[in-house]
Amino acid sequence: MTKIAATFARELATALASADAPTNKAGDDVTGSLGHFRQALESVNNQDDHQSHRSKLPAEASDWLRDALSRLTGKGTFSKAVVAAAETENWYQIYNEDTPSKGEESNPMEDLAPGMFAARLIGPSRGLIQSNQLLAGLFLLRPGLHYPLHQHEAAEIYFCASGTAYIQHDIDGEAKRLSPGQVSLTPSNRLHALTMGEEPVLLLWTWLGEFGGRNWWWHQQNDGSWRRDAWERSEDASWIKTASEPVPRAEITALQSNDKPL
Ligand SMILES: [Fe+2]
């Protein structure tokens, strides 16, 4: 019996203890929040893997993964755990190209879908270890991909294993560089966007809190105003757009005044 997911959790918990968080806002309680994530990862203990099916990456994404894994840095046990997790062949495409959407607007998932893959190791479903408290796995992204502003209730961390991502927090935040060995914390419901550098990016990704519900995607209109669309996972695991609304101006103003020096 293998313990790939438990080893991954232990190595990530250890790596978080000394990781810088250069993309976070000055007022974020990074240390306290990372403590919660470490605790959740450590609570996995040394459980055995249970893998019910295997699913490979498409050829192009396999090349990105090989490239990303060839550039892993950090201590040997960490790199080994990441490679073992990548080789579980538990990959799936996060969004679908044919995601149905209500309304006339373009579907941002059409561009994104073939550029984003996840391998889930721990979670309520699809993982190697079952958990209702913690989602954890690998996140593989195409070079140059832009993952637009979105928000979700779960708190999230991205630990960079390979490549460079530029992460923006809030509607007008500066996109800051996340390099291998560094972590980015996304507090619950914080707007965030990611842009990849010129190489494929491999992130270790973890969610705590509410996994279901609406993921809101924001997009700016030609007149400068903002709209947001809510996407939810349906029972068959596909994504459905369930709401679309203008963002009230007062909400934008409140976001813009955040984190500005007095
Ligand atoms: Fe996110």
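Quantities reported herein were computed from a predicted structural model and do not represent experimental measurements. (Residues numbered from 1 in each chain as written. Predicted model: local features only at pLDDT ≥ 70, side-chain atom pairs only at ≥ 80, totals over all residues. Heavy atoms only, no water.)

Engineer: Just give me the short version of helix H3 (residues 59-70), but keep the residues and values in it.
Structural biologist: The end-to-end C-alpha separation of H3 is 17 Å, in line with the 16 Å expected for 12 residues at 1.5 Å each. Those residues of H3 that sit buried are Ala61, Trp64, Leu65, Ala68 and Leu69. Buried positions in H3, seen along its axis, are confined to an arc of 125 degrees and lie on one side of it. Those residues of H3 that are exposed and aimed more than 90 degrees away from the buried face are Ala59, Glu60, Arg66 and Ser70. Taken together, the buried residues of H3 touch helix H4 (76-86), strand S1 (91-93), strand S2 (116-123), strand S4 (134-141), strand S6 (155-162) and strand S11 (201-208). (Helix = DSSP H or I, 4+ residues; strand = E, 2+ residues; numbered from the N terminus. Expected span 1.5 Å × (residues − 1). Buried < 20%, exposed > 50% of the residue type's maximum accessible area, 1.4 Å probe, protein only. Arc of directions from axis to C-beta. Contact = heavy atoms within 4.5 Å.)

Engineer: Mind laying out the coordination of the iron ion, listing which residues take part and the relevant values?
Structural biologist: The protein atoms donating to the iron ion are His150 (NE2), His152 (NE2), Glu156 (OE), Glu156 (OE) and His192 (NE2), with metal-donor distances spanning 2.2 to 2.8 Å. Mapped onto the sequence, the residues coordinating the iron ion show the spacing H-x1-H-x3-E-x35-H. Comparing histidine 150 with histidine 152, the two get one shared label, buried. (Donors = N, O, S within 2.8 Å, 3.2 Å for Na, K, Ca; no water.)

Engineer: Tell me about helix H2 (residues 30-42), and please be specific about residues and values.
Structural biologist: A rise of 1.5 Å per residue sets the reference length of H2, with its 13 residues, at 18 Å; its end C-alpha atoms lie 18 Å apart and thus fit the reference within 8%. The set of residues buried in H2 consists of Val30, Leu34, Phe37, Ala40 and Leu41. Looking straight down H2, one finds its buried side chains confined to an arc of 115 degrees; they lie on one side. Away from its buried face by more than 90 degrees, H2 exposes Thr31, His36 and Gln39. Taken together, the buried residues of H2 touch helix H1 (4-17), S4, S6, strand S9 (183-186) and S11. In this structure aspartate 29 caps H2, since a side-chain oxygen of it lies 2.9 Å from the backbone nitrogen of glycine 32. (Polar contact = N/O pair within 3.5 Å; in protein donor to acceptor, adjacent residues only side chain to side chain.)

Engineer: How would you explain the packing of aromatic side chains if you had to name every residue and give the values?
Structural biologist: On inspection of all chains with the given rule, the structure shows eight aromatic pairs. Through a chain of ring-to-ring contacts, three or more aromatic side chains come together here, namely Phe139, Tyr147, Tyr158, Trp205, Trp207 and Trp217. Directly above the ring of tyrosine 92 sits arginine 126, whose terminal nitrogen or CZ lies 4.1 Å from the centroid. Its guanidinium or amino end placed over the ring of tryptophan 216, arginine 228 lies 5.4 Å from that ring's centre, counting from NZ or CZ. (Phe/Tyr/Trp six-rings, centres within 6.5 Å; stacked < 30°, edge-to-face > 60°. Lys NZ or Arg CZ within 6 Å of the ring centre and 35° of its normal.)

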